[in-house]
2 protein chains.
Amino acid sequence: MNPTDLFATRSSRMRASEIRELLKLLDQPDIISFAGGIPDPALFPKAAFAEAYAEILQGPGAGAALQYQVSEGYLPLRRWLAGEMGKLGVPCDAGNIFITSGSQQGLDYLGKLFLSPGDTALVTWPTYLGALQAFNAYEPRYDRLNPDGGNTTPAAYADAAAAAGGRVKLSYLVPDFANPSGATLSKAQREAVLDLSAELGTVVIEDAAYRALRYEGESVPPILALDCARSGGIENARTIYCGSFSKILAPGLRVGWICAPRVVVDKLVLMKQAADLHSPSINQIAIAHVAERAYDAQVSMLIESYRARRDALLGAMEAAMPAGVAWNRPEGGMFAWVTLPEGIDAAELLARSVREARVAFVPGAAFHADGSGRNTLRLSFTLADARAVNEGVPRLAALISSVLDARSAAA
Amino acid sequence: MNPTDLFATRSSRMRASEIRELLKLLDQPDIISFAGGIPDPALFPKAAFAEAYAEILQGPGAGAALQYQVSEGYLPLRRWLAGEMGKLGVPCDAGNIFITSGSQQGLDYLGKLFLSPGDTALVTWPTYLGALQAFNAYEPRYDRLNPDGGNTTPAAYADAAAAAGGRVKLSYLVPDFANPSGATLSKAQREAVLDLSAELGTVVIEDAAYRALRYEGESVPPILALDCARSGGIENARTIYCGSFSKILAPGLRVGWICAPRVVVDKLVLMKQAADLHSPSINQIAIAHVAERAYDAQVSMLIESYRARRDALLGAMEAAMPAGVAWNRPEGGMFAWVTLPEGIDAAELLARSVREARVAFVPGAAFHADGSGRNTLRLSFTLADARAVNEGVPRLAALISSVLDARSAAA
C-alpha cells in the first residue's frame, strides 16, 4: 500500500494544506514511518497464494472461481471459519458466518443496519478511526464506553441518547490489542460490556482484527464466547464478531467475516446482494485454500516476527524517551500507544518530526470521537526494522526532549 | 454461480414459500434455465487469468498485490480505462476513473451519494432489478423515464417529486441492450434524456454493463460522450458512466469502474475509504494484465458466440411461439424480452413452466418499479446451448399455447 494514503486518512482532522505538505515529505526515502497500520508485505505467504491461484485456475473449478457467487460467501470457507470460531468457544455453523470484503465492510454494513441519524454508538476513547468513518455515514452521536470503569450508569447513557433524539444502538470495541491503543480487555471488563449492553438492550460489535496476534500473556475469550455461554448459544447472542484475514494472510484480497446469529446474517446477505452482490469468488476460494493449509503456521511465524519488533521498539523507547513520556506494553497486535505530557500537541509534533527528525507517526486525536487525546500518538511496529528502531526512535525521542526542554525554559 | 440464487433475487415479489418450492425444482438437472443473467463460464479467459495471477505472485510486485491499496484503485488500470473511454468519445484521464467492486457497487454508492428518503429517481419501465435494489436502501420514490416519448413535462416530473417531499435527483438507464429488455436507445433518445436531465438539474447514471457486446447494427455513442460534446468536457458533464468487466472478462473478480467528473470521483473515494477501503488489489492488477493483452480478442470471441445463441433462440421462438406472443430482436447483450397477451401472468406461468415444461425464465414484473409488466418475461441466451433452444423453447411455447387455448375455451 501507499503509506501516504493511510496517513492522509488517519490525520483527517489536520488542515488539508498541512496534510498535503506532509505527504510530499513522506514520499521521501529517508523518512522513517511508524504511521501506517499495515502488515509487513515481506511476511505475506506469497508462495502459498501463488500455489492456490494456480491450482484454482488450472483446475476444474476455474469457471466457478471466475463466476458470480452467492452473497453469503463461499461455503467451504464459511465452514472452515465456523470451525475456527468453535475453537474460540463460539459453537456455530456456516449459517452463522457471512463473508465481507474486509472487516471494514462489516463495520459499514453494521452501521447501515443499526444506526439512524441521531442514534448513539458507544465507543472507547480512543477507538479505531475506520469504525468512526464507517459509522459517520449514518450520522450517529458517540458516547464514551469506558471499560476501565466510569460513573456513567445505563440510565444515564439512555437519557443522554434520548435527549439527542435517538437511542443507544450499539457498543463497538476492539477487545484484543486495540487499534490504536494496543490495550486488551480482561474477562471481567468484557462481561461488564455485556452487562451494560444487556441493560441498554443494544448489540455489541466485537472487532477482532488482531486477535490471533498474541505475543505474551494468556488468551481472553472473545466477547461473543462469553455471550454464548451466558445466553445459551449464538442464536440468542447480542454480540456480532468481525474477523479479518488482512493481518494474518493478506489485506489485498479483501476477505473478512462476520460471525453472528442467523437473523443478523440473513439481513446482511440481503444488504450485500443490493450493495455489491458478493465478495470476489476467486479470492474467497484462494483464502480457503491457504487457510486450510497454512493458517496456523503463518500465525506462529507472524507472532515470532512481530514480537521481536515490538520488543525492539519498547526497548528503544525505554532507552531514549525523556521523563514524562509514557507508553504501554501491548500483549499483541501492531501498535504501541504513547502519551506525551499534557499540553504537548502530537499533531504539531508530527509536523516538526517529519521535517526535522524525519520520523512519522499518527497523532492520537483523530482516534477520539470527541477530539480529545491531543497529547497521544500511535506507533506501529509491524514495519519497524533495525534502522527504524535504532535511528528513528532516538531521533523522535531527541525531538520530544527538545520540545520539553523549550517548554521548561519558557516556563 | 448458483443460478438458484439469482433466481431468488429476481423473483423477490413472489411469495417466499412459492419461491422455496421453485428453487427445489430448479436444482434438478433436467430443468432448462433461461433465468440467470450470467455469462457463460466456458468462455472465461481462464488461461489468461492463470498466467496473470502467476506472473503477479511470482514477480517483484507480489507484495503490493497482496497489500492494501489506494481507495480510488490501481493506477495502471485506471489509465487503461481512461484510454478506452477516450476511444468511446469521452476524453478523460485516470483522475476521472474510480474502481468499484463490480458495477453493482457503483450503483449502491451513487444511490448513497444522491438519494435521500423521498427523493425521486427516474427509471425506465422495466429497468435493471439490481439498480432498484441498490437504490431502495436509500428510500427513493420512482417515476417513469420513457425514452420512447411520453407526455410528462419536466415541470410535471418536478411537481410530482415535490409533492412526494423530495426532488428529482437522478435518471438511471441502461442505454445499450438493456437488462432486462434488450432494448437500445437511439442517439436522439439519449440526447432527449440529457435535455430532460438538464431541465431538471439532475445527474444521469449510464449503466453500460453490456455495451461492448454488440452483435449487429451501428454503435451509438455513450450518453457521457454526447454530454461531453455538448457541455465542453467531462468536468462539466452531468453523466456518470458505470462500466463492468463482469460480462467480458469475469464477474468473480468483482471489478467495475465509474467514469465521471473529478468532483464526483473525489466524493466516491471518501465513501469507499469508509465502506471497504478499496477493491481487491490483486484482482485489479490481474484485470489490468488481462485487459491490456486480451480484451479486444475476448470481446470479438464473445460477440461471435453470443450472437449465434441469440440467433438460435430467436429462430426457435419464431418457429414455435403461438400467435399473440411478441418479442424483440436485441442488437447485443444477453437478453430477449417476451410479451405475452394481456392477462397472462408470467409469474404464474413460471410456476407451471418449471413443473410441467421444466423450463425456467424470469417474470417481468420484478423489473418494473410499479409492479406492472405482469405479462412480460426475460430470457437470457448466454447459456442457451442447442438442447436449451431445440427442446426448451418448444416446451415453453407448447405450455403457453395450452394456456392460451384454455383461456379461449373459457371465454
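Residues numbered from 1 in each chain as written. Chains lettered and ligands numbered in written order. Predicted model: local features only at pLDDT ≥ 70, side-chain atom pairs only at ≥ 80, totals over all residues. Heavy atoms only, no water.

Draft legend 1. Just the relation of the copies chain B and chain A, in detail. Rotating chain B by 180° and translating it 0.0 Å along the rotation axis places it on chain A, where the RMSD comes to 0.0 Å. Considering both components of the superposition, the chain copies are consistent with a two-fold axis. (Least-squares fit on C-alpha atoms with pLDDT ≥ 70 in both.)

Draft legend 2. Structural view of the interface of chain B and chain A. At the junction of the two partners, chain B supplies 51 residues and chain A supplies 51 residues. Along the contact surface separating chain B from chain A lie 2 salt bridges. Notably, a salt bridge pairs Lys112 of chain B with Asp108 of chain A, separated by 3.5 Å at the nearest N-O pair. Counting across the chain B and chain A interface gives 21 residue pairs in polar contact (both at pLDDT 80 or more). Looking at the side of chain B that touches chain A, the elements with two or more residues in it are α1 (3–10), α3 (46–58), α4 (62–66), α6 (102–114), α7 (129–136), α11 (262–275) and α12 (281–320) of chain B. Take the side of chain B that touches chain A: its biggest share by element is 6 residues, from α3 of chain B. (Contact = heavy atoms within 4.5 Å. Salt bridge = Lys/Arg side-chain N within 4 Å of Asp/Glu carboxyl O. Polar contact = N/O pair within 3.5 Å; in protein donor to acceptor, adjacent residues only side chain to side chain. Helix = DSSP H or I, 4+ residues; strand = E, 2+ residues; numbered from the N terminus.)

Draft legend 3. Highlighting the side chain of Arg309 of chain A. Residue and element names in this part refer to chain A. Structurally, Arg309 is set in helix α12 (residues 281–320). Taking relative accessible area as the criterion, Arg309 reaches 19% and is therefore assigned buried. Of the polar contacts made by the side chain of Arg309, one reaches the side chain of Asp40; its length is 2.7 Å. Of the polar contacts made by the side chain of Arg309, one reaches the backbone oxygen of Thr382; its length is 2.5 Å. Excluding residues within four positions of it along the chain, Arg309 makes contact with Asp40, Leu43, Phe381, Thr382, Leu383 and Ala384. (Buried < 20%, exposed > 50% of the residue type's maximum accessible area, 1.4 Å probe, protein only.)

Draft legend 4. Geometry of the pattern of salt bridges. Enumeration according to the criterion identifies 48 salt bridges over all chains in this entry. Linking Glu84 of chain B and Lys87 of chain B is a salt bridge whose minimum nitrogen-to-oxygen distance equals 2.7 Å. Separated by 3 residues within a single helix, Glu84 of chain B and Lys87 of chain B lie in helix α5 (residues 75–87), roughly one turn from each other. Overlapping salt bridges bring together Glu216, Arg310, Asp311 and Arg329 of chain A as one network.

Draft legend 5. A look at the pairing of strand β5 (residues 168–173) of chain A. All names here are of chain A. The element β5 is extensively covered by neighbouring structure, given that 6 of its 6 residues are classed as buried. Pairing of strand β3 (residues 120–123) with β5, which is carried by 4 bridges, proceeds in the parallel orientation. Each bridged residue has a counterpart across the sheet, and for Leu122 the counterpart in β5 is Ser171. Where β5 lies against strand β6 (residues 203–207), 4 bridges are found, and the strand directions are parallel. Bridge pairing in β6 places Leu173 opposite Glu206. Handedness of the crossover is the feature at issue here: the chain leaves β5, passes through helix α9 (residues 187–200), returns alongside β6, and the resulting connection is right-handed. (Pairing = 2+ DSSP bridges. Right-handed = clockwise from strand over helix to strand, strands pointing away.)

Draft legend 6. The arrangement of the packing of aromatic side chains in detail. All names here are of chain A. The full count for this structure, using the stated rule, is 19 aromatic pairs over all chains. Taking 6.2 Å as the distance between ring centres and 90° as the angle between the ring planes, the aromatic pair formed by Phe245 and Tyr295 counts as edge-to-face. Taken together, the residues Phe245 in the loop between β7 (239–244) and β8 (256–259) and Tyr295 in helix α12 connect sequence positions 50 residues apart. Classification of Tyr295 as buried rests on a relative accessible area of 11%. Among the aromatic residues, those joined into a ring-pair cluster are Trp80, Phe245, Trp257 and Tyr295. (Phe/Tyr/Trp six-rings, centres within 6.5 Å; stacked < 30°, edge-to-face > 60°.)

Draft legend 7. Representation of the nonpolar core in the model. Membership of the largest hydrophobic core comes to 211 residues, with the highest contact counts inside it found for Phe245 of chain A together with Phe245 of chain B. Core analysis: the next-biggest nonpolar cluster, separate from the first, contains 37 residues, Phe114, Leu115, Val174 and Cys242 of chain A among them. (Core = buried A, V, L, I, M, F, W, Y, C linked by side-chain atoms within 4.5 Å.)

Draft legend 8. Up close: helix α10 (residues 223–231) of chain A. Taken as a whole, α10 of chain A has its buried residues at Ile223, Leu224, Ala225, Leu226, Asp227 and Cys228 of chain A. Of the residues one or two after α10 of chain A, Gly232 of chain A is the one with positive phi, at around 95°.

Draft legend 9. Representation of α12 of chain A. The end-to-end C-alpha distance of α12 of chain A, which contains 40 residues, comes to just 49 Å, noticeably less than the 58 Å that a straight helix rising 1.5 Å per residue would cover. Of all the bends in α12 of chain A, the greatest measures close to 70° and is centred on Ala294 of chain A. (Expected span 1.5 Å × (residues − 1). Bend = angle between axes of the 7 residues up to and from the residue.)

Draft legend 10. Region of the structure containing the packing of helix α5 (residues 75–87) of chain A against α12 of chain A. Residue and element names in this part refer to chain A. One way to put it is that α5 packs onto α12 with a least axis distance of 9 Å and a crossing angle of 40°. Judged on the interaxial angle alone, α12 and α5 are oblique. As for the relative orientation of α5 and α12, their crossing is left-handed in sense. Taking contact as the criterion, the partners of Pro76, Leu77, Trp80 and Glu84 in α5 are, on α12, Gln284, Ile287, Ala288, Ala291, Glu292 and Tyr295. The class makeup of the residues in the contact of α5 with α12 is 7 nonpolar, 1 polar and 2 charged. (Axes fitted to C-alpha atoms, helices over the stretch in contact; angles between N-to-C directions. Parallel < 35°, antiparallel > 145°, perpendicular 65-115°, else oblique. Left-handed = near helix turned anticlockwise from the far one by under 90°. Nonpolar A, V, L, I, M, F, W, Y, C, P; charged D, E, K, R; others polar.)

Draft legend 11. Geometry of the domain arrangement of chain A. Residues and elements named next belong to chain A. Partitioning chain A into structural domains gives domain 1 (3–44 + 297–406) and domain 2 (46–293). For domain 1 and domain 2, the distance between their C-alpha centres works out to 27 Å. Across the contact, 32 residues belong to domain 1 and 31 residues belong to domain 2. Here domain 1 meets domain 2 over a buried area of about 2700 Å², counting both sides, of which 62% is carbon and sulfur. Ranking the residues of domain 1 by area buried against domain 2 places Phe44, Glu331 and Phe367 at the top, with a combined share of 24%. The interface formed by domain 1 and domain 2 holds 3 salt bridges in total. Note that Arg329 is salt-bridged to Glu216, the shortest N-O span being 2.9 Å. Counting the contacts that link domain 1 with domain 2 gives 15 residue pairs in polar contact (both at pLDDT 80 or more). (Domains from an automatic or database assignment. Buried area = accessible area lost by both parts, 1.4 Å probe.)

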